[in-house]
Amino acid sequence: IFGTGIMVYAISVSQWFYYTGALALFIVGLLAVAEGLAIVLCGENKYRIFVRYCVDRYWIISAPSIVLLVFLAGFLAFRSYIGPIPDIGECRSGDELKVLCGFEKPPEDMALTPDGKYILVSEFGGIAAFVEAAGETVSSGKLSLLDSTTLETVTPKVSYSDNTWGDGFCQRDQTMIFNPHGLDLIQRSDGRYQIAVVTHGPMEAVDMFELVAEEKPEVHIVDVDHIPWRLVWRGCVEAPSVNFFNDVALAPDGSFFVTHMHDRDFSLNDYLLATLTKPDTGYVLRWDRDVGFSQVPATEGGQPNGIAYDSHSGVLHVAFNLSDRVDAIDLIARSVIASYSVDAPDNLVLKEGSLWVTSLLHQPMDGLVCERYPCALPFSIIELDASDYREKTKWDLRGQPFGLPTVALPALSVDGEKQIFIGTFLGNRMGRLVAK
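Let me begin by describing the structure that accompanies this report. Keep in mind that this is a model prediction, so the values were computed, not measured.

1. Some details on the overall build of the protein
Okay, step 1: Assigned secondary structure in the protein consists of six helices and 25 strands.
Okay, step 2: Rg of the C-alpha trace for the protein: 25 Å, near the compact-globule value of 22 Å for 436 residues, within the 12% margin.
Okay, step 3: Every one of the 436 residues in the protein was classed for burial, and the buried ones make up 49%.
Okay, step 4: In the protein, of all internal contacts separated by at least 6 residues, the share reaching a separation of at least 24 is 57%.
Okay, step 5: If you sum the accessible surface of the protein, you get close to 20400 Å²; carbon and sulfur atoms cover 56% of it.
Okay, step 6: Each charge class in the protein was averaged separately, 33 positive and 55 negative side chains, and the resulting centres sit 5 Å apart.

2. Section: the state of the cysteines
Okay, step 1: This structure, assessed with the given rule, holds three disulfides.
Okay, step 2: Here cysteine 170 engages in a disulfide with cysteine 236; their sulfurs sit 1.9 Å apart. Disulfide cysteine 170 to cysteine 236: torsion about the S-S bond roughly -100°, handedness left-handed. Here the residue cysteine 170 occupies a position in the loop between strand S6 (158-160) and strand S7 (180-187), and cysteine 236 occupies one in strand S10 (residues 229-238), the gap between them amounting to 66 residues.
Okay, step 3: Cysteine 236 gets classed as buried once you look at its relative accessible area, which sits at 0%.
Okay, step 4: Covalently, cysteine 370 is tied to cysteine 375 through a disulfide, its sulfur atoms 1.8 Å apart. Since a negative S-S torsion denotes a left-handed disulfide, the cysteine 370-cysteine 375 link at about -60° is left-handed. Summarising the burial analysis for this pair, cysteine 370 and cysteine 375 share the class buried.

3. Digging into the packing of helix H1 (residues 2-11) against helix H2 (residues 20-42)
Okay, step 1: Interaxial distance between H1 and H2 falls to 7 Å at its minimum, and their mutual angle equals 160°. By the angle class used here, H1 and H2 are roughly antiparallel. Remark: the crossing between H1 and H2 carries left-handed chirality. Contacts between H1 and H2 involve Phe2, Gly3, Thr4, Ile6, Met7, Tyr9, Ala10 and Ile11 on the former and, on the latter, Ala22, Leu25, Phe26, Val28, Gly29, Leu30, Ala32 and Val33.

4. A short note on the layout of surface pockets
Okay, step 1: Taken as a whole, the largest pocket holds about 850 Å³ of empty space.
Okay, step 2: In terms of lining, the largest pocket is formed by 32 residues, of which the most central are Asp184, Leu185, Ile186, Leu350 and Lys351.
Okay, step 3: Listed by contribution, the elements that provide at least two residues to the lining of the largest pocket are strand S2 (107-112), S7, strand S11 (245-250), strand S15 (304-310) and strand S19 (348-351).
Okay, step 4: At five residues, S7 tops the list of elements feeding residues into the lining of the largest pocket.
Okay, step 5: Taken together, the residues of the lining of the largest pocket break down into 20 nonpolar, six polar and six charged.

5. Observations regarding the pairing of S15
Okay, step 1: Taken across its seven residues, S15 has five buried, putting it largely inside the fold.
Okay, step 2: From the end of S15 to the start of strand S16 (residues 315-320), which pair antiparallel, there are four residues, and glycine 314 there has a positive phi angle of about 70°.

6. Side note on the nonpolar core
Side chains of a nonpolar character, in soluble globular proteins, are inclined to be buried together.
Okay, step 1: Formed by 26 residues in total, the largest nonpolar core has its most connected members in Ile381 and Ile420.
Okay, step 2: Mapped by element, the contributors of at least two residues to this core are strand S1 (98-101), S2, strand S3 (118-123), strand S21 (379-385), strand S22 (391-397), strand S23 (405-412), strand S24 (418-424) and strand S25 (429-434).
Okay, step 3: In contact with isoleucine 381, not counting residues within four places along its chain, are Trp356, Val357, Thr358, Thr393, Lys394, Trp395, Leu397, Ala408, Ile420 and Ile422.
Okay, step 4: In this structure, Leu120, Cys170, Val197 and Phe209 belong to the second largest nonpolar core, which totals 21 residues.

7. Observations regarding the sheet that holds S6
Okay, step 1: Taken in spatial order, the five strands make up an open sheet running S6-S10-S9-S8-S7, and their pairing is mixed. Sheet topology places S6 and S7 at the edges, where each strand pairs with a single neighbour. Strand-to-strand twist in this sheet, taken as the mean axis angle between neighbours without regard to direction, amounts to 30°.
Okay, step 2: Two elements, strand S8 (residues 193-200) and strand S9 (residues 204-213), share eight bridges in a ladder whose sense is antiparallel. Across the sheet, residue histidine 200 finds its bridge partner in S9, namely glutamate 204.

8. Here's the deal with the environment of aspartate 290
Okay, step 1: Within the element layout of this structure, aspartate 290 appears in the loop between strand S13 (283-288) and strand S14 (292-295).
Okay, step 2: For the pair aspartate 290 and serine 255, spaced 35 residues apart in sequence, the C-alpha to C-alpha distance is 9.8 Å.

9. So, the sheet that holds S2
Okay, step 1: Strand order in the open sheet made by the four strands is S2-S3-S4-S5, with antiparallel pairing throughout. The sheet is open, and its two borders are formed by S2 and strand S5 (153-154), each paired with just one other strand.
Okay, step 2: Note: S3 against strand S4 (residues 142-147), six bridges, orientation antiparallel. Bridged to serine 122 within S4 is leucine 143.

10. Description of H1
At 3.6 residues per turn, the α-helix brings residues three or four places apart onto the same side.
Okay, step 1: Listed as buried for H1 are Gly3, Ile6, Met7 and Ala10. Down the axis, H1 shows its buried residues gathered within 100° of arc, on one side only. H1 presents Val8 and Tyr9 as exposed residues on the side facing more than 90 degrees away from its buried surface.
Okay, step 2: Considering only its buried residues, H1 is in contact with H2.

11. Some remarks on the packing of aromatic side chains
Okay, step 1: Applying the stated criterion to the full structure yields 14 aromatic pairs.
Okay, step 2: Arranged with centres 6.0 Å apart and planes meeting at 35°, the rings of tyrosine 160 and tryptophan 233 form a pair that is tilted. Pair noted here: tyrosine 160 is in strand S6 and tryptophan 233 is in strand S10, with a separation of 73 residues, a long-range link.
Okay, step 3: A centroid spacing of 5.8 Å and a plane angle of 45° characterise the contact between phenylalanine 245 and phenylalanine 293, whose relative ring orientation is tilted. Taken together, the residues span a long stretch of sequence, with phenylalanine 245 in strand S11 and phenylalanine 293 in strand S14 at a distance of 48 residues.
Okay, step 4: Residue phenylalanine 245 is classed as buried on the basis of its relative accessible area, which comes to 0%.
Okay, step 5: The rings of Trp16, Phe17, Tyr18, Tyr19, Phe26 and Tyr81 are connected pair by pair, giving a single aromatic cluster.
Okay, step 6: One residue, arginine 234, lies across the ring of tryptophan 165, its end atom 5.9 Å from the ring centre.
Okay, step 7: Sitting above the plane of the phenylalanine 320 ring, arginine 325 keeps its charged end 4.3 Å from the centroid.

Rules and cut-offs
Residues numbered from 1 in each chain as written. Predicted model: local features only at pLDDT ≥ 70, side-chain atom pairs only at ≥ 80, totals over all residues. Heavy atoms only, no water. Helix = DSSP H or I, 4+ residues; strand = E, 2+ residues; numbered from the N terminus. Rg over C-alpha atoms; globule rule 2.2 N^0.38 Å. Buried < 20%, exposed > 50% of the residue type's maximum accessible area, 1.4 Å probe, protein only. Contact = heavy atoms within 4.5 Å. Areas by Shrake-Rupley, 256 points an atom, 1.4 Å probe, with all protein chains shown as cover. Lys, Arg positive; Asp, Glu negative; His and termini not counted. Charge placed at Lys NZ, Arg CZ, Asp CG, Glu CD. Disulfide = S-S within 2.5 Å. Axes fitted to C-alpha atoms, helices over the stretch in contact; angles between N-to-C directions. Parallel < 35°, antiparallel > 145°, perpendicular 65-115°, else oblique. Left-handed = near helix turned anticlockwise from the far one by under 90°. 1 Å grid on protein atoms, 1.4 Å probe; cavity = no way out; pocket = protein on both sides within 12 Å on 5 of 7 lines; lining within 4 Å. Points joined across faces, edges and corners; volume = space filled by probe spheres on them. Nonpolar A, V, L, I, M, F, W, Y, C, P; charged D, E, K, R; others polar. Pairing = 2+ DSSP bridges. Core = buried A, V, L, I, M, F, W, Y, C linked by side-chain atoms within 4.5 Å. Arc of directions from axis to C-beta. Phe/Tyr/Trp six-rings, centres within 6.5 Å; stacked < 30°, edge-to-face > 60°. Lys NZ or Arg CZ within 6 Å of the ring centre and 35° of its normal.

Below, the structure is given as structure tokens:
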């Protein structure tokens, strides 16, 4: 009975035979069933004789067993998914997921413009330890605009003004390296639209832009001279020397929350070790012009990554990539009021009462077997009820021409269908899922 229960639990996982954990459970259950049947069919006396035989020769059995179990434990710790990984070098859509190719840099994070038609995309130059491990080099990225109806992408115009939304000291101009990471877009209390972008290089900072509508928004986006939206740089805030940022969430008053992932000297080896030991590596910081940076209570965890702030409820949503969870934190009570267990969550999108989360259906070290990127490892897109973290919708995607997701952003298509745009931290493409 015990063995049968374990086997049933193991095969309840979709495509369980591609996962080392499910396979190990199934084999343990199968051995337990075999042992039980042997006792029933052969009788107690023969079973006792067999056990006595094993005890008398324990050294012959125990030594190979120890070696086998240590090897199995190491294999389970380092590998999760052992299924096929299709070659997706060509830009071809799959049966479930469409792809948009041609991005100069990975489309790591996204935000919807106020008109609901365009998507601001952070094309991420990468973090040195991870990009170099993939055989590439860190370079400058950029912000781009994607038309959610025509699916065409252009670079918006950017002009530079005084540092009025930042700390008043940080400076940037068009000649400097610009490597955007996480971003957020909100309407400020004064009615203007503010964008905050975590940037790496030449300094670690959060840059502020104002999103400004052009005079001729009806002109098609492919006319580069008349893109419906342009950006005005209005300041930045340089990070403290001990912090390394990932994602940012704005408040209507211009203050923001930002995730500190880990120390700046955190290497790829440190990351791989942390995937096994799951230590707390970071926390969330809040910044405003009066106080500067301060640590937010109840936000410690393994690589804080995505973040979203609900100014109406005063709840901060934080994804802990290495702790495999998303927390809802009441900023007044300074406590976690809801938590959702999910493998390797990345950026978060809070929209119309739903919290959108991405998840890897594999462990981070499985990506080391990828010969090139993008790598078509399986993943999930999850829609949660932001009030209680009840799971509303979930898509498990395997064998699709996309992988290593970071963000899921819902938007309406030209015919009114809900489509979900999916970003990545390694790859030249964006995924697009049409919700049924």
